[in-house]
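Per-entry structural report
The residues making up each chain are set out below.
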Amino acid sequence: MRVSYKWLQEYVPVEQSPEELAELLTMAGLEVDEVIDLGASYCSLKVGQVTSLQPHPGDGRLLVCGVRLADGEVTVVTAATNLKVGDKVPVALPGSTLPDGKAIQPVEFQGIVSQGMLCSEEELGLARKSEGIMVLPKDTALNAVLPAILGLDDHVLVLELTPNRADCYGMLNFAREVAALTGTRITMPRFPVQETGESIHDLVTVEVLNPELAPRYAGRVFFQVKVGESPLWLKTRLLAAGMRPINNLVDLTNYVMLEFNQPLHAFDLNRMKDRKIVVRAAYQNELIQTLDAEERKLNPGQLVIADAERAQCIAGVMGAFDSEVTAATDCVFLESAYFSPVHIRRTAQELAIRSEAAIRFGKGLDPETVPLALDRVAYLVQELNIARVAKGLIDLNFRTPVARKIWFRPERINALLGTKLEKEEIMGFFQRLNFRTAEDQAAGKTYLVPPSYRLDIENEADLAEEVARLYGYNKIPATYPAAQSIGRLTPEQEFSAKVRNLLLGLGLSEIITYSFHGEKIFDRLNIPEGHHLRQTVKMKIPLSEEGSMLRTTLLPGVLESLSYNANRNRHDLQVFEIAHVYHPKDKAGELPDEPLYLAGALSGRINEPGWNQSDREVDFYDGKGLLETLFGHLRVEGVSFRRGEHPTMHPGRTAVLEAAGHPIGYVGEIHPTVKKEFNLAAAVILFELNLERLWPVVDKAIIRVVPLPKFPPVLRDLALILPEKISAQAVTGLFREIGGDKLETVDLFDVYQGDKIPPGCRSMAFSLTFRMPDRTLQDDEVNALMEAIIKAAAERFDAQLRS
């Protein structure tokens, strides 16, 4: 919500500066995100007067203008044909910047240098399209400040409204709030309507077939409509609110929507079949072409405004192309309504339309404002001589008004807030907020009735909140709630937190990505049709096609992050994410499984650039080593790496991780196809683990500290020639099986293929450390173990001792 400070001052005599008012509002629960100086982008522009107009000697389509400024004269070349000598115009000199960010520099046009630019309304952001240069009023002084001339010497308060304060989307309701906070009185606009011509009932027929979806529906008819440009004050009001001016009639409806928080919609009445307005539910698969030129298919749960033949508007969401107001329109039916908020929200979500009207209707509006907004437009239409107003107003109100009465107990409010305010002071706050009182003499109770626009007030807690806002949160003494128990993390939560801290300590950066994506991401990840990762949870009402399903893997977010950084020339990255993925169950309607996963990537160089650092890029063993380091600190037992495949990873350079007989994850180099798809140039190693499957194999015993060994180790090196298919892990397992508790460590320190090694084989050299905690091992014992190991390796793996 954007609030014009100058517009606000038309209703409330605000004495605070924009910054002071922003602080006051924020402390009262209406957070102001920022204060924008609206005129700042116009301050570099000047006012100039055309002193001469000559055809360009080299191009007859151009004019050479002499322009006098307050401090000199410049020459400007222009193609505009609407200027005459004496006109006052906005001038952008070299070095200045237009509101759209365009920087102005001297430009040569066939030998003549243009020392700036004369600006049109389009270039100033005051119109979507304009013909010619903007001509300022004749009495404009050359030393005048242009933002003041344009009405843009204003500040805009950008509010982050909470969902319960939808009333403050309207300027009048916001002004009421400011008046209550500052203790001033609001000046409400007056708008008497002069009706002429035929009765509205002779010009249009209105019928509401679904009153439960449209509890209040009203309209007025304007005839002899003259669609054209809006006055400057109206354009600047809309610009301050973040809206683009279109034409006088549409701009007025938007202006009143901003003022009253009541969306309005204008229909070209001559294009409505039989001049009939029918408010009804859509037919099954009914088609409508909306104003954004999209053809949409509707269903019976959606409300439409139709003529005698077909739907002409999706009620409360968006109008149709066939009935929009154009320059040829001369008779308009203006709609103002209260639609069911639930149905408007559902319709907007189902059709993926996010319009200003849908947002406001979906949050809930004040039904009492419906006819007032029509009268306000009718008054302004007459003031600006845009049209004449037909006699009468159609107002079909099917609501049964029920006053919301809330028991007023000052002692209860004080108890909720921890204050000791007097009844009179509390009642004064509610009077400033336009609450009424209702007495129940028989029961001896006093009730408060909130104004119709405060739909968020429902109970005594809401009353207490209003008192706290006006009294001042900072004046309420702080107290701590009594805690009966102290919360703590579960063992699983502590485990995931430890994983996070370890990875951060290892130099990785944590990322957080979206939990949803589109169908196309699977093709980018090289995941084939029928793969289990394509079995997803579909969203019933997706925000977009790219967010239509919940993720089954964390790799899309990791790769998107790498791609985003690579496009900005950041290739050397180490990132990870810990988050849930979503796997649907076989039975329809059941909630999906949500296991906690860890995924990450290493990309680019392993070391930071430096004269004493190598430029080596990451490889598979860096990823494997990272996970082994992580497992070591987590005290994970029984995790093995074996050759495996993953569609997103390189064949032959991928390992599957297993624990307790189950796969728990993958690590490998990125698949070349996927690498190209995400525009990645550097080497990339990916990994993904199911943390919930890793947790059971974590050693949860209390860590015991033991003294350093007293007895010396016995060291042996062993080089074996083995078939290529035999993994180092299998050989190491054999060593531990035979060495038992006497074998302390096994390290692979060399792998060789080449001279004197048979084809299809390789040499692996291991360093073995033997030691007993309670005595010194003898060479004979170790020699016997080494012989057993060599013999078992020959029998099991066809290994040969390398001499």
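Residues numbered from 1 in each chain as written. Predicted model: local features only at pLDDT ≥ 70, side-chain atom pairs only at ≥ 80, totals over all residues. Heavy atoms only, no water.

**Examining the overall build of the chain**
- Counting secondary structure elements, the chain contains 21 helices and 39 strands.
- Once the C-alpha set of the chain is aligned to its principal axes, its extents read approximately 120 × 95 × 55 Å.
- Considering the chain as a whole, with its 803 residues, one finds that 48% of them fall into the buried category.
- Of the contacts made within the chain by residues no fewer than 6 positions apart, 69% connect residues no fewer than 24 positions apart.
- Carbon and sulfur atoms make up 50% of the accessible area of the chain, which totals about 40900 Å². (Helix = DSSP H or I, 4+ residues; strand = E, 2+ residues; numbered from the N terminus. Buried < 20%, exposed > 50% of the residue type's maximum accessible area, 1.4 Å probe, protein only. Contact = heavy atoms within 4.5 Å. Areas by Shrake-Rupley, 256 points an atom, 1.4 Å probe, with all protein chains shown as cover.)

**Some points on the packing of aromatic side chains**
- Enumeration according to the criterion identifies twelve aromatic pairs in this entry.
- Here phenylalanine 735 and phenylalanine 766 contribute two aromatic rings whose centre-to-centre distance is 5.1 Å and whose plane-to-plane angle is 85 degrees, an arrangement assigned as edge-to-face. Within this pair, whereas phenylalanine 735 is found in helix α20 (residues 728-739), its partner phenylalanine 766 is found in strand β38 (residues 761-770), the two being separated by 31 residues in sequence.
- Linked through ring pairs, Trp7, Trp233 and Tyr255 together constitute an aromatic cluster.
- The ring of tyrosine 564 has arginine 568 sitting right over it, with the charged end atom 3.7 Å from the ring centre.
- Its end group placed over the ring of tryptophan 695, lysine 700 keeps NZ or CZ at 4.5 Å from the ring centre. (Phe/Tyr/Trp six-rings, centres within 6.5 Å; stacked < 30°, edge-to-face > 60°. Lys NZ or Arg CZ within 6 Å of the ring centre and 35° of its normal.)

**Structural notes on the pattern of salt bridges**
- One pass over the full model with this rule turns up 46 salt bridges.
- Among the salt bridges present, the one from glutamate 121 reaches lysine 235, with a minimum N-O distance of 2.3 Å. With glutamate 121 in the loop between β9 (117-118) and α3 (146-150) and lysine 235 in helix α6 (residues 232-240), this residue pair connects regions lying 114 residues apart in the sequence. Exposure class is identical for glutamate 121 and lysine 235. Each is buried.
- A salt bridge links arginine 500 to glutamate 510; the nearest nitrogen and oxygen atoms lie 2.9 Å apart. One end of the pair, arginine 500, is in helix α14 (residues 491-505); the other, glutamate 510, is in strand β27 (residues 509-510), and ten residues separate them in sequence.
- A single salt-bridge network, built from bridges that share partners, covers Arg165, Asp167, Glu177, Arg454, Asp456, Glu466 and Arg469. (Salt bridge = Lys/Arg side-chain N within 4 Å of Asp/Glu carboxyl O.)

**Some details on the sheet that holds strand β20 (residues 318-319)**
- Pairing is mixed in the open sheet, where five strands are placed in the order β12-β15-β18-β19-β20. Every interior strand has two partners, whereas the edge strands, β12 (205-208) and β20, have only one.
- Pairing analysis gives four bridges linking β12 to strand β15 (residues 276-281), with the strands arranged parallel. Note on β15: the bridge partner recorded for glutamate 207 is valine 278. (Pairing = 2+ DSSP bridges.)

**What about a negative patch on the surface?**
- A contiguous patch of negative charge, built from Glu31, Asp33, Glu34 and Glu160, is present on the exposed surface.
- Note that glutamate 34 resides in strand β2 (residues 32-37).
- On the basis of relative accessible area, glutamate 34 is assigned to the partly exposed category, the value being 40%. (Patch = residues over 30% accessible without salt bridge, like charges linked within 9 Å, V, L, I, M, F, W, Y side chains within 5 Å. Lys, Arg positive; Asp, Glu negative; His and termini not counted. Charge placed at Lys NZ, Arg CZ, Asp CG, Glu CD.)

**Observations regarding the environment of aspartate 251**
- Topologically, aspartate 251 is positioned in helix α7 (residues 248-260).
- Under the relative-accessibility criterion, aspartate 251 is labelled buried at 1%.
- Between the alpha carbons of aspartate 251 and arginine 237 there is a distance of 9.7 Å; along the sequence they are 14 residues apart.
- Each residue touching aspartate 251, except ones within four places of it in the same chain, is listed here: Ser230, Leu234, Leu238, Arg244, Pro245 and Ile246.

**Quick look at the domain arrangement of the chain**
- According to the domain assignment, the chain contains domain 1 (2-39 + 155-182), domain 2 (44-144), domain 3 (195-397), domain 4 (406-475), domain 5 (491-697) and domain 6 (714-801).
- A separation of 40 Å is found between the C-alpha centroids of domain 2 and domain 3.
- When domain 2 packs against domain 3, close to 610 Å² is buried across both sides, 53% of that on carbon and sulfur atoms.
- The largest share of the area that domain 2 buries against domain 3 comes from Gly125, Leu126 and Arg128, three residues that together contribute 71% of it.
- For the pair domain 2 and domain 3, the interface holds one salt bridge.
- Counting across the domain 2 and domain 3 interface gives one residue pair in polar contact (both at pLDDT 80 or more). (Domains from an automatic or database assignment. Buried area = accessible area lost by both parts, 1.4 Å probe. Polar contact = N/O pair within 3.5 Å; in protein donor to acceptor, adjacent residues only side chain to side chain.)

**Remarks on the environment of proline 542**
- Inspection of the secondary structure puts proline 542 in the loop between α15 (520-524) and β29 (549-550).
- Linking proline 542 and alanine 352, residues 190 residues apart in sequence, is a C-alpha distance of 7.6 Å.
- Among residues more than four places away in sequence, those in contact with proline 542 are Gln349, Gly547 and Ser548.

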